[in-house]
2 protein chains.
Amino acid sequence: MAAAPSLLILHPRLTTTLRPLSLIYHQFTVHPSPPTRLLVLSARSRHHSSSTSPFASTTPLNSNSNSNATETVRAGRSNSVSSPPLQPPEYAQKIDVNPPKGTRDFPPEEMRLRNWLFHNFREVSELFGFEEVDYPVLESEALYIRKAGEEIRDQLYCFEDKGNRRVALRPELTPSLARLVIQKGKSVPLPIKWFAIGQCWRYERMTRGRRREHYQWNMDIIGVPDVTGEAELISSIVTFFKRIGITAKDVGFKISSRKVLQEVLSLYSVPETSFAKACIIIDKMGKIPMEEIKKELKLVDLSNDAIEDLLQVLSMKSLTELEEKLGGSGEAVRELKNLFSLAETFGYSEWIQFDASVVRGLAYYTGIVFEGFDREGKLRAICGGGRYDRLLSTFGGDDIPACGFGFGDAVIIELLKERQLLPEVPLEVENIVCSLDPDLQGAAATVATHLRGKGQRVDLVLENKPLKWVFKRAARINARRLILVGRSEWEKGMVSVKILSTGEQNEVNLDDLQ
Amino acid sequence: MAAAPSLLILHPRLTTTLRPLSLIYHQFTVHPSPPTRLLVLSARSRHHSSSTSPFASTTPLNSNSNSNATETVRAGRSNSVSSPPLQPPEYAQKIDVNPPKGTRDFPPEEMRLRNWLFHNFREVSELFGFEEVDYPVLESEALYIRKAGEEIRDQLYCFEDKGNRRVALRPELTPSLARLVIQKGKSVPLPIKWFAIGQCWRYERMTRGRRREHYQWNMDIIGVPDVTGEAELISSIVTFFKRIGITAKDVGFKISSRKVLQEVLSLYSVPETSFAKACIIIDKMGKIPMEEIKKELKLVDLSNDAIEDLLQVLSMKSLTELEEKLGGSGEAVRELKNLFSLAETFGYSEWIQFDASVVRGLAYYTGIVFEGFDREGKLRAICGGGRYDRLLSTFGGDDIPACGFGFGDAVIIELLKERQLLPEVPLEVENIVCSLDPDLQGAAATVATHLRGKGQRVDLVLENKPLKWVFKRAARINARRLILVGRSEWEKGMVSVKILSTGEQNEVNLDDLQ
């Protein structure tokens, strides 16, 4: 076969009337490939064929006289049984070539970018002495049942499994971490410093160009009550930003403490049960009208006076102002001041600022909370974290102080794009090995095996191809050397080695080929 | 705080009456930690608490007068609202500390082993010039609807999402690969050489100590019709085995071709629609009684003569014998002979053997099939693969030849354990930095930041701890150096550096500390 076979495909763009946001969700698309020279089925035939796809129909199982007696097909849909005779009807079907709504494929160029990002997450975590862990992507739904009105809870990607258990695709990693820490008990000495890079899921109406899955980098410290924990966590994120070229001019951290709210609310005999709910409501500030915020705060038993006082404190952007309001003896002010002082010694003062309005959207935070933000104000929060000293005890474990952060893969890629900091991560296969004769395919295999044994990457040409084709492929994979196996050389145990950057070509004995 | 706080936990072993196989599923447990010095709740109280867990109850949503008006809680369960007043009832609950049935956590020691394994998968794939890709763990169920009676289809972990779409946690990676290749069309030049390492799921009764999830390493070649493709794939698996210490004495590959069956069946006018079904039935040989196999083959329209002839051919272990039966002109024999000849040039002849009984359990294979097996016969197949030239066209793409393999993370770990080849993968954090005075915590942060800036891993002690504690932690993390920040040295800009292997200690200027 001298050329690649032609490929009749369903043009993905023709599916846009079905799934208009599919390109927007795809955060990792760096080099979109133009759909050149394609034979394309018409939109009409595409839509016709999609009527048997799960995106367009919920028809129950067909009555199918041809079905195998031993099968246990679940209620759902059936594929066609009237396919052409050359293709067994058992598995002939047109499929939707797109990944399910809100999810992504990672073709090679996007996978290289993901690996680059994760490699940086991992290296920074390891610089800080953290150990990597992971948990199941599917967890018991009970792990996420918190009634504080969190968005993350409303958007839980949950379902019932075949054994009638309520399960959920994890929306975040912290509850799994807490579960594992309690399970491990004293077998792991404190403090625990763990990091994870895991896929997280949510289910929401797809109206805002947000995906249903993303990857999240988490770092957590279990067993350290002091704000040195939070200071260390923020230091690691700053280290990450610096590594990938993001500066304090691009990004800052807004820092506050839930204890600020707690100390204000304690002046007004607000029931403790209202605290987490109030935090979640306050987190919606800027997203829903202020009148709505006030109405919701009243619903969780805050008086008008308490609400006015709270909103006044939440507007504060200076620790001095906060200290004037709350006094210097409370934990909120003391811990915040300590954190800002530690930031100087860590060397990231210019990255952080006090902002009382930051409360974060998770119910379990109890102390310091922080979020990384784009200083141009175009993007959503880049990352967020804080102290959650009571999560382990509310899960049935002992009281162990804890803090951590979550850092998603979506907004950071948007930011890197905005700042033109996305790296080039090319494919690099050092060698391409090709036989010049169909009979020498085995000899080429010998050469490839020899080089791979030396730790060299080799793309072995598996068919007989014209040299023009081989040079084109060599360029695509950024090969450094082309190794040609020709009859006369091979009879002497030699191969021809061409350095592709210079064009220099030599005959080399296979044993000497490094 | 001078010591780690004590931790009252639910001893996981007390849950064994609920989940007796939890330790068996956990393939990566290398160093099980003995549950020493634990305060343990009694089995009775454990079981009592579990009555509110999703594993013990399917009670629908409680009527809850305290629920937030803005909440959209899905039908399922509700947690208690009568918790003690100090813990907000909104999220107080006892959780099951184990991961869901059939799934695993990866605490640090098991994560290091997983990373070691995946690193080897990745490095070998890259030596062969393959590019990494990934697909969503959640796919449309339609991608897996094949009616050939496959086990993988019967065990599909499928459900309906909130938008009434039939989806499934992927049972394998190949259908996603086919979907992405069709979607990409001509934008990716052939041959495509892709690899992936992804989590796959199945749902089955948990009776055989098998997990519901595992990771699978796949390598696939799209666009190569010749058996050079299969030869290259087997070479990569052999390279992987050699890297991790597995020899041809431990493992072999059984190789056959579905074309053998096809050529036998073509003698008996067996309908083509029966072919995939017959293969799936034959794959059960050795797992169910031979009489059952014959009965099932009759059900898919094979005559008694065809069945007897088929079974006779399936017992063949020699290519010469096969050639006598089928003649030398058919594709089956020609391709198999070619593959065995290529194996010599690749240098892995001693690893492979012809065995006509190998057909593999996936419906879509059309040509060469192979499986890696433990020569001691104790373990299930280690890996398996083959040619699937028609999968893309049955999905609505053009006819493109393809081959690939899947290699799970479970059996290989069992094999490495059996052969005592599991590597030690210790935690290694080069430096531990500690202040000798609470006031010097910030100075210690400065030192840690300095070292991390030099690319050194640092475990920063975040609280004031006695030196004895610090030495113990240094030993646990395998630190090379202990860096102490004391008042008199710090005033001179110096720190004390102790090499832990020799005990040698020096005062070093921070600027000179590398």
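Computed from a predicted model, the values in this text were never measured in an experiment.

All names here are of chain A. If you walk through the whole model with that rule in mind, you get 41 aromatic pairs over all chains. Seen from their ring centres, phenylalanine 118 and phenylalanine 121 are 6.1 Å apart, and the 25 degrees between their planes marks the pair as stacked. Here the residue phenylalanine 118 and the residue phenylalanine 121 both occupy positions in helix α3 (residues 108-127), the gap between them amounting to 3 residues, near one helical turn. Judged on exposure class, the residue phenylalanine 118 and its partner phenylalanine 121 are both buried. Here the aromatic rings of tyrosine 157 and tyrosine 203 are separated by 5.1 Å at their centres, their planes lie at 85 degrees, and the arrangement is edge-to-face. Note that tyrosine 157 is positioned in strand β5 (residues 157-160) and tyrosine 203 in the loop between β7 (192-201) and β8 (213-222), a separation of 46 residues in sequence.

Residues and elements named next belong to chain A. The strand order across the open sheet formed by 3 strands is β4-β6-β5, and the pairing between neighbours is antiparallel. Of all strands in the sheet, those bounded by a partner on one side alone are β4 (138-140) and β5. The mean inter-strand angle of the sheet, taken between neighbouring strand axes irrespective of direction, is 35 degrees. Where β4 lies against strand β6 (residues 166-169), 3 bridges are found, and the strand directions are antiparallel. When the bridges of β6 are listed, serine 140 appears paired with valine 167.

Residues and elements named next belong to chain A. Position of alanine 343 among the secondary structure elements: in helix α12 (residues 331-346). Once the C-alpha coordinates of alanine 343 and glutamate 430 are considered, the two residues, 87 residues apart in sequence, prove to be 45 Å apart. The contact partners of alanine 343, leaving out residues within four places of it in the chain, are Tyr348, Ser349 and Ile352.

Where nonpolar side chains cluster on the molecular surface, the patch consists of Leu436(A), Leu467(A) and Phe471(A) and spans about 250 Å² of accessible area. Note on placement: Phe471(A) falls in helix α16 (residues 467-476).

Right, let's get into the pairing of strand β9 (residues 251-257) of chain B. Residue and element names in this part refer to chain B. In terms of burial, β9 is a largely internal element, 6 of the 7 residues being buried. Sheet topology places β9 next to strand β11 (residues 368-374); 7 bridges connect them, and they run antiparallel. When the bridges of β11 are listed, valine 251 appears paired with aspartate 374. Note: β9 against strand β10 (residues 352-354), 3 bridges, orientation parallel. Paired with phenylalanine 253 across the strands is isoleucine 352, a residue of β10.

All names here are of chain A. UniProt marks Glu172, Leu173, Thr174, Arg202, Gln216, Asp220, Arg360, Tyr364 and Tyr365 with the feature "binding site: L-histidine" (unreviewed entry), using the numbering shown here. Looking at the secondary structure, you find arginine 360 in the loop between β10 (352-354) and β11 (368-374). You can call arginine 360 buried: its relative accessible area is 18%. If sequence neighbours within four positions are ignored, arginine 360 has contacts with Arg258, Cys279, Asp283, Tyr365, Val369, Phe370, Glu371, Ala381, Cys383, Gly384 and Gly385. Within the secondary structure, tyrosine 365 is located in the loop between β10 and β11.

Here we come to the pairing of β8(A). Residue and element names in this part refer to chain A. Among the 10 residues of β8, 9 are classified as buried, and the element is accordingly described as predominantly covered. As paired elements, β7 and β8 share 10 bridges and run antiparallel to each other. Residue tryptophan 201 lies in a different strand from β8, and its bridge partner there is glutamate 213. With 7 bridges connecting them, β8 and strand β13 (residues 402-408) associate as antiparallel partners. Counterpart to methionine 219 in the pairing with β13 is phenylalanine 405.

Conventions and cut-offs
- Residues numbered from 1 in each chain as written.
- Chains lettered and ligands numbered in written order.
- Predicted model: local features only at pLDDT ≥ 70, side-chain atom pairs only at ≥ 80, totals over all residues.
- Heavy atoms only, no water.
- Phe/Tyr/Trp six-rings, centres within 6.5 Å; stacked < 30°, edge-to-face > 60°.
- Helix = DSSP H or I, 4+ residues; strand = E, 2+ residues; numbered from the N terminus.
- Buried < 20%, exposed > 50% of the residue type's maximum accessible area, 1.4 Å probe, protein only.
- Pairing = 2+ DSSP bridges.
- Axes fitted to C-alpha atoms, helices over the stretch in contact; angles between N-to-C directions.
- Contact = heavy atoms within 4.5 Å.
- Patch = residues over 30% accessible without salt bridge, like charges linked within 9 Å, V, L, I, M, F, W, Y side chains within 5 Å.
- Areas by Shrake-Rupley, 256 points an atom, 1.4 Å probe, with all protein chains shown as cover.
- Salt bridge = Lys/Arg side-chain N within 4 Å of Asp/Glu carboxyl O.
- UniProt positions renumbered as here; feature names shortened; annotations may be inferred.

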